Amino acid sequence: MCWRIWHLARKKKQIALDDAQKLARRRIDREQGRNDAENDLSELSEGEKEKGDANSSETVKDNISRSEMLLWSEENKSRHLYIVLISIHGLVRGENMELGRDSDTGGQVKYVVELARALANTNGIYRVDLLTRQIASPEVDSSYGEPIEMLSCPSDGSDCGGAYIIRLPCGPRDKYIPKESLWPHIPEFVDCALNHIVNMARALGEQVNNGKPTWPYVIHGHYADAAEVAADLSGALNVPMVLTGHSLGRNKFEQLLKQGRLSREAINETYKIMRRIEAEEFGLDAAEMVVTSTKQEIEEQWGLYDGFDLKLERKLRVRRRRGVSCRGRHMPRMVVIPPGMDFSYVTIQQSMEGEGDLKSLIGSDRAHSKRNLPPIWSEIMRFFRNPHKPTILALSRPDPKKNVMTLLKAFGECQALRELANLTLILGNRDDIEEMHDSSSAVLTMVLKLIDKYDLYGQVAFPKHHKQSDVPEIYRLAAKTKGVFINPALVEPFGLTLIEAAAYGLPVVATKNGGPVDILKALNNGLLIDPHDQKAIADALLKLVADKTLWLECRKNGLKNIHRFSWPEHCRNYLSHIEHCKNRHATSRLEIAPIADEPISDSLRDVEDLSFRFSTEGDSKLNGEMDPAARQKEIIEAITRRVSSTRNSNASYFPGRRQRLVVIAADCYDSDGNIAKAFQAIIQNVMKAARPGISTGRVGVVLLTGLSLQETIEALSSFQANIEEFDALVCNSGSEMYYPWKDLMADVDYEAHVQYAWPGENIRSMVTRLAIIEGGEENDIVEYVTACSSRCYSYSVKPEAMIRKINDLRQRLRMRGFRCNLVYTHAGLRLNVIPLFASRKQALRYLSVKWGIDLSKVVVFVGEKGDTDYEELVAGIQKTLVLKGAVEYGSERLLRNEDSFKREDVFSQDSPNIIYAEKSFEDCDISSILEHLKVS
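Predicted, not measured: the structure shown is a model, and the values here were computed from it.

J.: Quick one: what's the story with the overall build of the protein chain, residue by residue and with numbers?
T.: Scanning the protein chain from N- to C-terminus turns up 30 helices and 26 strands. For the protein chain, the proportion of its 936 residues judged to be buried stands at 59%. For the protein chain, the share of sequence-separated contacts (at least 6 apart) that also reach a separation of at least 24 residues comes to 73%. Surface exposure of the protein chain reaches about 39600 Å², of which carbon and sulfur atoms provide 48%.

This is the structure in structure tokens:
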């Protein structure tokens, strides 16, 4: 037994040592990345020096005047902007929020709901949508299954303005699942959100934009899961993205490692922490702006990420101000905008001398109340032997991070504090502790044990239930008793409860770790403490409770300065910063071609249902005198005449309005990275099965491939495939799009669409230098010039080469300020470096919007393995048919390191949208499958 204990202790020390070494190596890599970037940016070419000198004063002057112009004011009243907020996890609703019900339903829920309402009441904002997960589970209230909930009424009486909660499918609707289990369902949420935004953009365009789609002014993701959603939507629609972290994975990961209770593997398994961190990194890649609550959050939390370095960000900002090239580097702008508060629910007496003690309300004998008291007051006071003593109030969910146990120990071991004050613990709602989540149950059980240990009966209140509407009364009760509010969390990203407490005239004691530092600096209404120091906590509370002069001074300061945290102030700052960031964003927007310019197809059945108006040139009267069939026939003939007259012109036109889309995305290569014979068989079988639909115009076919355009043409020509039967060829892993029906013309709008943050030539030589790992040879990876283009740099990889995997190489590029997408293809023997928002899945989303085809009506053919973008391609609401044996050699071995997240964290392999063919691709009856999916 002794040997076993010794062995386990030794093993634990070794794990801790390994983790410390990994963290140290990563810090060294980050320092090297920063040095590389600074060296590259330190010297300016002569042309850049001249440009910088010539434009310096002019640029600075322009920035100053522009900042003045961008302060949000009454001048923006005539604008009709559409804003999308995203907060996926937890239980989100506008009224009777169940804050504290579980670890996923906390302050973030209240924040996003109030932000949506406040923005909708701001000049220039027409509509705000808050997208969240739809839950129709017997475990929760039925309101969480409602697809739409109005948060605020439109001011102009329209049916589109105002603020709304939009609930979308994300995983099984009949289950309420924790945020750690939502990751495989994120792609489904992205696709559903895309459909909603496109439909809303059309509807708003009809109302306020002369029929042109009104795309979101900004898409704002809250927390890591929504950050990934917002990033994908930002790329799909070319709309600026904003990110708010709320709490961050890297910070939590390092703290858990230091505690030593769980191994790296156990942390990852429990919290899906690596998946969360990658989502946060991707959010940094895509975001124009990151909203933080405090400077500490920027320096000590976001500063831990590969994608952000404070020194490098400042250097890039200076270069932009001077009009000097940033050499392809990009970093989001970090801005400090404290969360707001709705003070309309707060009644503050004009006098700041206090509200009187509790005796004036209930008298010395509780049985003879002078007035009807709020029910929650009675619920709390029933715990106390002497309810007239000042109340120390702590309000949080029962989470170990909130550090309630240390507070209880501090109170229990300080006799002077126990004599002067009572303690009220509002720790969410509970029916039976044993039925609660493990961490919540453990905290509440420990609370009861500590109360018993220190014999705190009659001095500590811990009510089982409270409503959200009770929270103001809880603060008022503490203020009536001249009490103190305390937030002793180990780390508090912001501390909204501190602002709420100040609004009700309560002095505060708060952790020195995180946002409370900035809050108390602004409000000057309390004391900061080390959350690990019991004595410091007791001393701070005792000081405020015992010194009435200090208490009154803190109360006055809080009430005087609270306006700094109002929602109107928050929204003005928020919109001003976004307006500034939008100046650096591409201006191109996704357009949908009018039906009148499209070749004819039989799919134009429900003409009246389309979102477009047709201009016909016929002589017939289309005014209702004909029956519906004749009316439809006449419209179609008129469109046909128009198309015929313009088919040879230079006007842009698109394939007929398809009802379905068949997508071939099987990555068929042999061991040498050449096209395998299976490619021909799959193309021919799918085209044969889809031909009935192709001939009628109802079905379109798209090819998604890692091949270059020239390689694609050669591969298709080798077996006499008719290239013109394809609606689009998406080549080089999604970086290029060509239309065979338009003489293989490139889609220049798509090129502009994916341009965001593309480093271009600046990254070309960097890839070969960073991709080779220690011990590798210089020619393990070399540029493959014939496959390169302006949006794709291709590199040939030697078999058995010692090169970095995708996550490792992406990490090193991020550390140097480069944002791009990386794909290994050709059985791992080629690397395509493409723009951040370019991918085969994003190309499919682009076509879905542009051609008006819902992604749920798309069928994608893939193999059982593929390029390193395989996981992204398979996931979503489209139907994915996995062809057995179609792909023999994939590239997945080069995707992630072993200590990263796993495939099951990316997409749900048992999703009903994924169909696994039982027979081999050669024997599979594709026609029957397409017929079953109504693709014919």
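J.: Talk me through the packing of helix 26 (residues 764-771) against helix 27 (residues 806-815); I want residue IDs and the actual numbers.
T.: Running from N to C, helix 26 and helix 27 cross one another at 130 degrees; their axes reach a closest spacing of 10 Å. The angle between helix 26 and helix 27 places the two elements in the oblique class. You can see that helix 26 and helix 27 cross each other, and the crossing is right-handed. For the pair helix 26 and helix 27, the contacting residues are Met 766, Leu 770 and Ala 771 in the first and Leu 809, Arg 812 and Leu 813 in the second. Grouping the amino acids of the contact of helix 26 with helix 27 by side-chain chemistry returns 5 nonpolar, no polar and 1 charged.

J.: Give me the sheet that holds strand 4 (residues 162-168): which residues, what numbers.
T.: Taking strand neighbours across the sheet as the criterion, the 8 strands line up as 3-4-2-1-5-6-7-8 in an open arrangement whose pairing is mixed. Of all the strands in the sheet, just strand 3 (148-152) and strand 8 (333-336) have a single pairing partner and so form its edges. Across this sheet, the average inter-strand angle for adjacent strands is 25 degrees, counted without regard to direction. Those strands touched by helix 4 (residues 186-208) are strand 1 (81-86), strand 2 (125-133), strand 4 and strand 5 (218-222), and its axis lies near 160 degrees from that of strand 2.

J.: Give a description of the sheet that holds strand 14 (residues 526-529) that names residues and reports values.
T.: Pairing between sheet strands relies on hydrogen bonds along the backbone, with the strands arranged either parallel or antiparallel. Strand order in the open sheet formed by 6 strands is 11-10-9-12-13-14, and the pairing between neighbours is parallel. Single-partner strands in this sheet number two, and they are strand 11 (460-461) and strand 14. Examined bridge by bridge, strand 10 (residues 422-426) and strand 11 share 2 bridges and lie parallel to one another. Bridge pairing links Leu 423 to Val 460 in strand 11.

J.: Provide a residue-level description of the pattern of salt bridges, including the pertinent values.
T.: According to the stated counting rule, one finds 55 salt bridges in the structure shown. Lys 535 is paired through a salt bridge with Asp 539; the nearest N and O atoms lie 2.8 Å apart. Here Lys 535 and its partner Asp 539 are both found in helix 19 (residues 534-546), 4 residues apart, which amounts to about one turn of the helix. For Lys 535, a relative accessible area of 57% translates into the label exposed. A relative accessible area of 37% means that Asp 539 is categorised as partly exposed. The residue Asp 869 makes a salt bridge to Arg 840 at a minimum N-O spacing of 2.8 Å. In this pair, Asp 869 sits in the loop between strand 24 (858-862) and helix 29 (870-874) while Arg 840 sits in helix 28 (residues 840-851), placing the two residues 29 residues apart along the sequence.

J.: I'd like to hear about the side chain of Arg 34, residue by residue, with values.
T.: Tracing the backbone shows Arg 34 in helix 1 (residues 2-42). The class of Arg 34 is buried, set by a relative accessible area of 18%. Within the structure, the side chain of Arg 34 is placed 3.2 Å from the side chain of Glu 31, a separation counted as a polar contact. If we ignore the near neighbours within four places in the chain, the residues touching Arg 34 are Asp 309, Lys 311 and Met 815.

J.: Describe the pairing of strand 16 (residues 699-704), naming the residues involved and giving the relevant values.
T.: The element strand 16 is largely enclosed, with a buried count of 6 among its 6 residues. Because side chains alternate across strand 16, one face comprises the buried residues Val 699, Val 701 and Leu 703, and the other comprises Gly 700, Val 702 and Leu 704, equally buried. One ladder, built from 5 bridges, connects strand 15 (residues 660-664) with strand 16; its direction is parallel. Bridged to Arg 660 within strand 16 is Val 699. In the classification by handedness, the crossover that spans strand 15, the intervening helix 23 (residues 677-696) and the parallel strand 16 is right-handed. In this structure, strand 16 lies alongside strand 17 (residues 728-731), joined through 3 bridges in parallel fashion. Paired with Val 702 across the bridge in strand 17 is Ala 728. The parallel pair strand 16 and strand 17 is bridged by helix 24 (residues 709-717), and the resulting crossover is right-handed.

J.: Describe the packing of aromatic side chains, with residues and values.
T.: Tallied over the entire structure, the rule returns 11 aromatic pairs. Judged by centre distance (5.3 Å) and plane angle (15 degrees), the ring pair of Tyr 475 and Tyr 504 falls under stacked. Residue Tyr 475 is found in helix 16 (residues 471-480), and its partner Tyr 504 is found in the loop between helix 17 (496-503) and strand 13 (508-511); the two are separated by 29 residues along the sequence. Overall, Tyr 475 belongs to the buried group, its relative accessible area being 1%. On the accessibility criterion, Tyr 504 (6% relative accessible area) is buried. Centre to centre, the rings of Phe 679 and Phe 719 are 6.3 Å apart; their planes meet at 75 degrees, and the pair counts as edge-to-face. In this pair, Phe 679 is assigned in helix 23 and Phe 719 in the loop between helix 24 and strand 17, connecting sequence segments 40 residues apart. Neither residue differs from the other here; Phe 679 and Phe 719 are each classed as buried. Residue placement shows Arg 250 over the ring face of Tyr 305; its charged tip is 5.4 Å from the ring centre.

J.: Let's hear about the environment of Leu 836: which residues, and what values?
T.: The residue Leu 836 is located in the loop between strand 23 (830-835) and helix 28 in this model. It is 8.2 Å that separates the C-alpha atoms of Leu 836 and Gln 755, two residues lying 81 residues apart in sequence. When neighbours within four sequence positions are excluded, Leu 836 is seen to be in contact with Phe 282, Asp 285, Ala 286, Tyr 756, Arg 819, Cys 820 and Asn 821.

J.: Break down unusual backbone geometry for me, citing the residues and quoting the values.
T.: You will see that Asn 210, though not glycine, has its phi angle at about 55 degrees, which is positive. Along the polypeptide, Asn 210 turns up in the loop between helix 4 and strand 5.

J.: I'd like a rundown of helix 18 (residues 516-523), residues and numbers included.
T.: Of all the residues in helix 18, the buried ones are Pro 516, Ile 519, Leu 520, Ala 522 and Leu 523. The buried residues of helix 18 occupy an angular sector of 160 degrees when projected down its axis, which confines them to one face. Each element contacted by the buried residues of helix 18 is listed here: helix 17, strand 13, strand 14 and helix 20 (548-561). Directly after helix 18, the chain includes Asn 524, whose backbone phi takes a positive value near 55 degrees.

J.: Provide a residue-level description of the packing of helix 4 against helix 5 (residues 223-237), including the pertinent values.
T.: Relative orientation of the contacting elements helix 4 and helix 5 amounts to 50 degrees, with a least axis distance of 10 Å. As judged from the angle between their axes, helix 4 and helix 5 are oblique. Classified by chirality, the crossing of helix 5 by helix 4 is right-handed. Residues Ile 186, Phe 189, Val 190, Ala 193, Leu 194, Ile 197 and Val 198 of helix 4 touch helix 5, and the partners they reach there are Asp 225, Glu 228, Val 229, Asp 232, Leu 233, Ala 236 and Leu 237. Of the residues assigned to the contact of helix 4 with helix 5, the class counts are 11 nonpolar, no polar and 3 charged.

J.: Lay out helix 15 (residues 438-453) with the relevant residues and their values.
T.: The terminal C-alpha atoms of helix 15, which comprises 16 residues, lie 22 Å apart, in line with the 22 Å expected from a rise of 1.5 Å per residue. Check the buried side of helix 15 and you find it contacts helix 13 (404-412), strand 10 and strand 11. In the segment just after helix 15, Asp 455 is the residue with positive phi, at about 55 degrees.

J.: Run through the confidence of the model for the protein chain, naming residues and quoting values.
T.: Residue-level pLDDT values for the protein chain average 86, and 84% of them are 70 or greater. Low confidence marks residues 50-69, where pLDDT is under 50. Its contacts with residues over four positions away, or in another chain, come to 15 contacts. Below a pLDDT of 50 lies the segment residues 593-626, which in the model reaches 79 contacts outside its immediate sequence neighbourhood of four places, other chains included.

J.: Account for the side chain of Asp 780, naming residues and giving values.
T.: Tracing the backbone through its elements, the reader meets Asp 780 in the loop between helix 26 and strand 20 (781-783). For Asp 780, a relative accessible area of 5% corresponds to the buried category. From its side chain, Asp 780 meets the backbone nitrogen of Met 802 in a polar contact 3.3 Å long. Non-local contacts of Asp 780, meaning those with residues more than four positions away in its chain, are made with Ser 796, Val 797, Lys 798, Ala 801, Met 802 and Ile 803.

J.: Describe the environment of Asn 209, with residues and values.
T.: With respect to the helices and strands, Asn 209 occurs in the loop between helix 4 and strand 5. Asn 209 sits in the partly exposed class, given a relative accessible area of 29%. Apart from residues no more than four positions distant in its own chain, Asn 209 is found in contact with Leu 204 and Thr 214.

Calculation notes
- Residues numbered from 1 in each chain as written.
- Predicted model: local features only at pLDDT ≥ 70, side-chain atom pairs only at ≥ 80, totals over all residues.
- Heavy atoms only, no water.
- Helix = DSSP H or I, 4+ residues; strand = E, 2+ residues; numbered from the N terminus.
- Buried < 20%, exposed > 50% of the residue type's maximum accessible area, 1.4 Å probe, protein only.
- Contact = heavy atoms within 4.5 Å.
- Areas by Shrake-Rupley, 256 points an atom, 1.4 Å probe, with all protein chains shown as cover.
- Axes fitted to C-alpha atoms, helices over the stretch in contact; angles between N-to-C directions.
- Parallel < 35°, antiparallel > 145°, perpendicular 65-115°, else oblique.
- Left-handed = near helix turned anticlockwise from the far one by under 90°.
- Nonpolar A, V, L, I, M, F, W, Y, C, P; charged D, E, K, R; others polar.
- Pairing = 2+ DSSP bridges.
- Salt bridge = Lys/Arg side-chain N within 4 Å of Asp/Glu carboxyl O.
- Polar contact = N/O pair within 3.5 Å; in protein donor to acceptor, adjacent residues only side chain to side chain.
- Right-handed = clockwise from strand over helix to strand, strands pointing away.
- Phe/Tyr/Trp six-rings, centres within 6.5 Å; stacked < 30°, edge-to-face > 60°.
- Lys NZ or Arg CZ within 6 Å of the ring centre and 35° of its normal.
- Arc of directions from axis to C-beta.
- Expected span 1.5 Å × (residues − 1).
- pLDDT = per-residue confidence, 0-100.

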